2 protein chains.
Amino acid sequence: MPKKILRVNMSNLEAKFEDLPAEYAALGGRGMTSTIVAKEVPPTCNPLRSHNKLVFAPGIVTGTRAPSSGRLSVGGKSPLTGGIKEANAGTPFAQMLARMRIGAIIVEGKHAGDDYYLLKITMNNTEFINAKKWVGKGLYDAYKDLFKEYGDKVGICGVGITAEILGAMAGVCFNDPEGLPSRYAGRGGLGAVMASKGLKFIIIDEAGAPGVEIANEEVFSQGIKKLRDALMSHDVTKPGGALNSYGTSVLVNIINEAGGLPQRNFSSGQDDRAEKVSGEAKAEEIKKRGGTRPHFCNPGCIIQCSEVWVKPNGKDPVGVLEYESVWALGPNSGIYNLDDIGELNRACNDLGCDTIEAGDTIAVAMEGGLVSFGDGKGALNLINEIRKKTPTGKILAQGTEITGKVLGVTRIPTVKGQGFPAYDPRAIKGIGVTYATTPMGADHTAGYAIAPEILGVGGQLDPLDPKKAEVSRNLQLATAAVDASGYCLFIAFAVLDIPEGLEGVVESLNGVLGVNLTVDDVGPIGKSIIDAELEFNKKAGFTAIHDRMPEFIMEEKIPPHNGVFDVTDEDLDSVF
Amino acid sequence: MPKKILRVNMSNLEAKFEDLPAEYAALGGRGMTSTIVAKEVPPTCNPLRSHNKLVFAPGIVTGTRAPSSGRLSVGGKSPLTGGIKEANAGTPFAQMLARMRIGAIIVEGKHAGDDYYLLKITMNNTEFINAKKWVGKGLYDAYKDLFKEYGDKVGICGVGITAEILGAMAGVCFNDPEGLPSRYAGRGGLGAVMASKGLKFIIIDEAGAPGVEIANEEVFSQGIKKLRDALMSHDVTKPGGALNSYGTSVLVNIINEAGGLPQRNFSSGQDDRAEKVSGEAKAEEIKKRGGTRPHFCNPGCIIQCSEVWVKPNGKDPVGVLEYESVWALGPNSGIYNLDDIGELNRACNDLGCDTIEAGDTIAVAMEGGLVSFGDGKGALNLINEIRKKTPTGKILAQGTEITGKVLGVTRIPTVKGQGFPAYDPRAIKGIGVTYATTPMGADHTAGYAIAPEILGVGGQLDPLDPKKAEVSRNLQLATAAVDASGYCLFIAFAVLDIPEGLEGVVESLNGVLGVNLTVDDVGPIGKSIIDAELEFNKKAGFTAIHDRMPEFIMEEKIPPHNGVFDVTDEDLDSVF
């Protein structure tokens, strides 16, 4: 059976399978979502009304034996940035969708009235079920209910209370292999788009799924072997390597040491206390408590950077505490206590919000005087205002920029309305170029210049050197291609340094698709995706002025380097 | 003595008189503010940080015997729209400033810390006085205090509690001839800009002022006579005419009849109950209660559309209830009771916020479920949340668009972030073209197409005909010139119909400036102002996409005409 598109019209609760158009045959992940969004969504539409669409697409190799490939992309017009958005997550849900040969789910229209629905998708059927009983409920409980109701083999996608109030920091949540609501296509408020349509959950049951069609098994096998070898040998990605041992939080000490770990709403780039929330400290604590580390976010991952964080008594699993989450809910809020961070992360997962945006928002709210920097319990009370749907909760749910405006804060770390990730662009400038210029709004994953600037991967650059347009561009193009492939972006650590690994990636794509791409095609594939995204944003009203840093980042010197963001406008404009 | 600029640096509390540059000699009002803002304010700056400036400028003939000319403009980068802003008001303050030969006050920098200052300006001196004691106080009491402290001959400009919380609907308030804080350069949040700098009040004492220099007294006298004759003979402007008898609220019945008076957040264009809050009903009530009507907002006005609204017992004067305010705080919120509207208007004046933005905001908050449409007491409680500086108050203080977003409302009547005035653009399309295309954000005064579309002034056009680009453009150009002259825009009713009146206006300008303008120069003068404004906005990141109506205005049919806004994008783009 050929791949299909499932088109879901929430206006009349209809879901129909369509043939995948031939021109979409080689697309996956971000390539699929951005193509469909650019084609079907009017760029000037209100992102929370009926003309917006929400598109889900597994990557090209997702659902196969390819290692670390269980990713899917979610796309639409972002209520946070006003531009096109792709957010992706690693989750068994992605693999199931791919094995069911669903190339994309397109959710369109908008259900009239206040009801919410659950869409159940099996190989033979689709069904809409009233989901009212989960409205206002936390996702930990809801996912538990849903697995009980629909069986523990299903995949679950859902949105939480943040989305119910149309909060622009609402993410789209997927289950991890333990069934926890901890894998997020978090950024850009796509959860609010889903909720705005009246869709609360998607449950997929892959029973009877044919699996991913592989056009050339030999080429595919050869490719994934090369990639596997690269992943198994690179210090960052190998078993027992940096990510496997400490998770993404291995970066806490590294970035703090580099003076680029933002503290207290981007007031400093370094703090000795950061060590207390480092990956090393966390790994030790997990071991002591009886959590799980390493752990995979989807079956078949070699890197296994994930983990299951638990309370001191070893109970109440949260799921992974990623580096970005630890930073956002930790040092950036002046909090240096893993238990506070764990509970904040649990609340974010439970409420269905993006941890990065939530952390930036809490920090801005702290600057605005709602609670003090460092007050972990206060921060938790604050985020729980969302649960109560209070005015304060509704402010926070809109994210960093609106929270800052409402509270009269003018140090707001956003580009295109999206909060900064965990790297201060005054101390590490290439990542700042990515924040400024990616069509996604401030986003580290869009072109992870940290690799060459800090980690010595794919080169070795001075983080303080402002000439970073080229490296950011190249990384952004390559990343768009990776985001289309279905591979986790972390394979990049290995394949940037090991040419055979990159060859393997391309061969695996060739194997699945039955095409003959070469390594030289990676950039152009990424470029065609980003071009579509830039075109969408242009039609939505974006100009070069929107590719700029906030004023305080240009003017306030940050310790310890005491520099500002001094990449010129010309350099920024030269990226695309 | 020649005209001066007073440059006020709030960073170091310095105020210095500078010579007015020769190229500014013929500028006044909006011409002066937009020229200075375009020249001195970086278009991409954060409007609430130190790089923004706030510019005050009386009109060219302001302070002279020219009738209805006591206006001044306030300019800066708007925290509401993100673009250039000019808001103007009629007030004795304007005339005093002009007679002191202060061509402009430029407030720049930003005082560090939380203190607020009062700037006192006399002919010989400037003085900064700590204004802490008025922080958190309503403006009715504050203005009473200030007149007591500084004498009843001073002019007062100030900002209220809305500005203290950096609310984007904070206006800049001036005293009326009774000393009430009821004359507002209201739109676009310039009050927040003033507060952001640490400036709470400006007190001017014109003792010893030389008066406005008139280059050619004969030409001037001839001009103002012609204008006076026109104003005295036109049905709209003459004593006993429409504006004089009923104030601007004379429009309530007219616009309601035309099906263009928005009700309950732009859900209908007509409601029989509107009659209860009409200008006719109000005039009768004022008479009964012992308020004042007609009344002038500044000495020397012939039109005298103003009034003093009072409580049923004849006490507690509010000041004028303008048509726009009555609509915004009345029918648009489902409120059809003049006492409720009066108290809401008092609260807006007291808190220092723009009544139009406040009314749009309340209506959107009603749609978002905070209180019910029609609940006047509830609306008053809501607006008083600003006084208490609660989270709800801080949301509302940011105006219509942010309130709508935070509350999950998608029917938000704004262009460029600024709330719609009192005319539904689906029923009266030329005014909609002005809303969409003026550099100011949705603003009726920028090009008052209601004159030809509804009032038969300056022509007679079908309000439902979408071909209105040309009339809006012509009106916008002429308006920019009027806003520079110091004349009240309402002279336009007379001079659009009576050619001698327009000649008189031009002659009066020639008389003051010693130049030889003709009627044909009016358009080009306006164009040069608007060009500077458009250029600023372009540099601030605005594109044609920002000259568009909100989605619901394009899609939802409004009774009784049951039409949508169907002016084409091409037509909108052809305006400028």
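Residues numbered from 1 in each chain as written. Chains lettered and ligands numbered in written order. Predicted model: local features only at pLDDT ≥ 70, side-chain atom pairs only at ≥ 80, totals over all residues.

Caption draft 1: Focus on the overall build of chain A. Secondary structure assignment for chain A yields 23 helices and 16 strands. Taken over the C-alpha atoms alone, chain A extends approximately 60 × 50 × 50 Å along its principal axes. The proportion of buried residues among the 576 residues of chain A is 65%. (Helix = DSSP H or I, 4+ residues; strand = E, 2+ residues; numbered from the N terminus. Buried ≥ 20, exposed ≤ 12 C-beta atoms within 10 Å, placed from the backbone.)

Caption draft 2: Inspection of the sheet that holds strand β8 (residues 126-130) of chain A at higher detail. Residue and element names in this part refer to chain A. One open sheet holds the six strands; their spatial order is β8-β7-β12-β9-β10-β11, and the pairing between them is mixed. Both outer strands of the open sheet, β8 and β11 (183-185), are each paired with one neighbouring strand and no more. Averaged over all pairs of adjacent strands, the angle between their axes in this sheet comes to 20°, without regard to strand direction. Bridge analysis of strand β7 (residues 117-121) against β8 gives five bridges, and the strand direction is antiparallel. Opposite lysine 120, over in β8, you have glutamate 127 as the bridge partner. The strands that helix α2 (residues 92-99) touches are β9 (155-158), β10 (172-174) and β12 (199-204); relative to β9, the one it contacts most, it runs at about 110°. (Pairing = 2+ DSSP bridges. Axes fitted to C-alpha atoms, helices over the stretch in contact; angles between N-to-C directions. Contact = placed C-beta atoms within 7 Å.)

Caption draft 3: Structural detail: the packing of helix α11 (residues 338-351) of chain B against helix α13 (residues 376-388) of chain B. Residues and elements named next belong to chain B. Packing of α11 against α13 brings their axes to within 10 Å, and their N-to-C directions diverge by 5°. As far as their axial angle goes, α13 and α11 are roughly parallel. Each of Asp340, Glu343, Leu344, Ala347, Cys348 and Leu351 in α11 lies in contact with α13, whose residues at this interface are Gly376, Ala379, Leu380, Ile383, Asn384, Ile386 and Arg387. Classifying every residue of the contact of α11 with α13 gives eight nonpolar, two polar and three charged. (Parallel < 35°, antiparallel > 145°, perpendicular 65-115°, else oblique. Nonpolar A, V, L, I, M, F, W, Y, C, P; charged D, E, K, R; others polar.)

Caption draft 4: Layout of the sheet that holds strand β9 (residues 155-158) of chain B. Residues and elements named next belong to chain B. Across the sheet, six strands lie side by side as β8-β7-β12-β9-β10-β11; this open sheet has mixed pairing. Each edge of the open sheet is held by one strand with a lone partner, namely β8 (126-130) and β11 (183-185). Pairwise comparison of adjacent strand axes, ignoring direction, gives a mean angle of 20° for this sheet. Across two bridges, β9 lies against strand β10 (residues 172-174) in antiparallel orientation. The residue of β10 that forms the bridge with cysteine 157 is phenylalanine 174.

Caption draft 5: Structural detail: the pairing of strand β3 (residues 54-58) of chain A. Residues and elements named next belong to chain A. Most of β3 sits inside the fold, with five of its five residues counted as buried. Across the two faces of β3 the burial is the same, with Leu54, Phe56 and Pro58 and Val55 and Ala57 all buried. Two strands pair when backbone bridges link them, and β3 and strand β6 (residues 102-108) are joined in this way by three bridges, in the antiparallel orientation. The residue of β6 that forms the bridge with phenylalanine 56 is isoleucine 105. The sheet contact formed by β3 and strand β4 (residues 71-77) spans four bridges and is antiparallel. Residue pairing in the sheet places valine 55 in a bridge with glycine 75 of β4.

Caption draft 6: The arrangement of unusual backbone geometry in detail. All names here are of chain A. Looking along the chain, the bond that leaves arginine 293 and enters proline 294 is cis, with omega of -5°. For proline 294, the position within the fold is in strand β13 (residues 292-295). The phi dihedral of leucine 13 is positive, around 50°, even though this residue is not glycine. With respect to the helices and strands, leucine 13 occurs in the loop between β1 (4-9) and β2 (14-19).

Caption draft 7: A look at the confidence of the model for chain A. Here chain A shows a mean pLDDT of 97. Residues at 70 or above account for 100%. Taken over the whole predicted complex, pTM reads 0.97, whereas the ipTM for its chain interfaces reads 0.96. (pLDDT = per-residue confidence, 0-100.)

Caption draft 8: Expanded view of the relation of the copies chain A and chain B. Relative to chain B, chain A is turned by 180° and slid 0.0 Å along the rotation axis, the superposed coordinates differing by an RMSD of 0.0 Å. Classification of the inter-copy transformation places it as that of a two-fold axis. Across chain A, the rotation axis passes nearest the C-alpha of proline 391 of chain A, at a separation of 3.1 Å. By residue overlap, the copies meet face to face through one surface: 100% of the interface positions of chain A are interface positions in chain B. (Least-squares fit on C-alpha atoms with pLDDT ≥ 70 in both.)

Caption draft 9: Structural detail: the interface of chain A and chain B. Taken together, the contact pairs 25 residues of chain A with 25 residues of chain B. Of all the secondary structure elements, the ones that give two or more residues to the side of chain A that touches chain B are α14 (391-397) and α15 (400-406) of chain A. In terms of residues, the side of chain A that touches chain B owes the most to one element, α14 of chain A, which gives four residues.

Caption draft 10: Just the environment of glycine 28 of chain A, in detail. Residues and elements named next belong to chain A. Looking at the element boundaries, glycine 28 is found in the loop between β2 and α1 (29-40). What makes glycine 28 buried here is the crowd of 29 C-beta atoms within 10 Å. Spatially, the C-alpha atoms of glycine 28 and valine 482 are 9.9 Å apart, while their sequence positions differ by 454 residues. If sequence neighbours within four positions are ignored, glycine 28 has contacts with Ala57, Pro58, Gly59, Ile60, Thr62, Ala484, Ser485 and Gly486.

Caption draft 11: How the structure looks around helix α18 (residues 469-485) of chain A. Between the first and last C-alpha of α18 of chain A there are 25 Å, a value that for 17 residues agrees with the 24 Å anticipated at 1.5 Å per step. Just downstream of α18 of chain A, glycine 486 of chain A is the residue with a positive phi angle, here 100°. (Expected span 1.5 Å × (residues − 1).)

Caption draft 12: Expanded view of the environment of glycine 63 of chain B. Residues and elements named next belong to chain B. Structurally, the position occupied by glycine 63 is in the loop between β3 (54-58) and β4 (71-77). The spatial distance from the C-alpha of glycine 63 to the C-alpha of glycine 300 is 9.3 Å, given a sequence separation of 237 residues. Apart from residues no more than four positions distant in its own chain, glycine 63 is found in contact with Pro58, Gln95, Ala98, Arg99, Gly211 and Val212.

Caption draft 13: Structural detail: α11 of chain B. Residues and elements named next belong to chain B. Helix length check: α11 (14 residues) gives 19 Å between terminal C-alpha atoms against 20 Å at 1.5 Å per residue, within 8%. Most of α11 sits out of view: 13 of its 14 residues are buried. Phi turns positive, to about 80°, at glycine 352, one or two residues after α11.

Caption draft 14: Spotlight on the packing of helix α16 (residues 429-437) of chain A against α18 of chain A. Residue and element names in this part refer to chain A. Remark: α16 packs on α18, axes separated minimally by 9 Å, with the N-to-C direction vectors making an angle of 60°. Classified by the interaxial angle, the pair formed by α16 and α18 is oblique. For the pair α16 and α18, the crossing hand works out as right-handed. Side by side, α16 and α18 meet where Gly430, Val433, Thr434 and Thr437 of the first sit next to Ala469, Val471, Ser472 and Gln476 of the second. When the residues that make up the contact of α16 with α18 are grouped by side-chain class, the tally is three nonpolar, five polar and no charged. (Left-handed = near helix turned anticlockwise from the far one by under 90°.)

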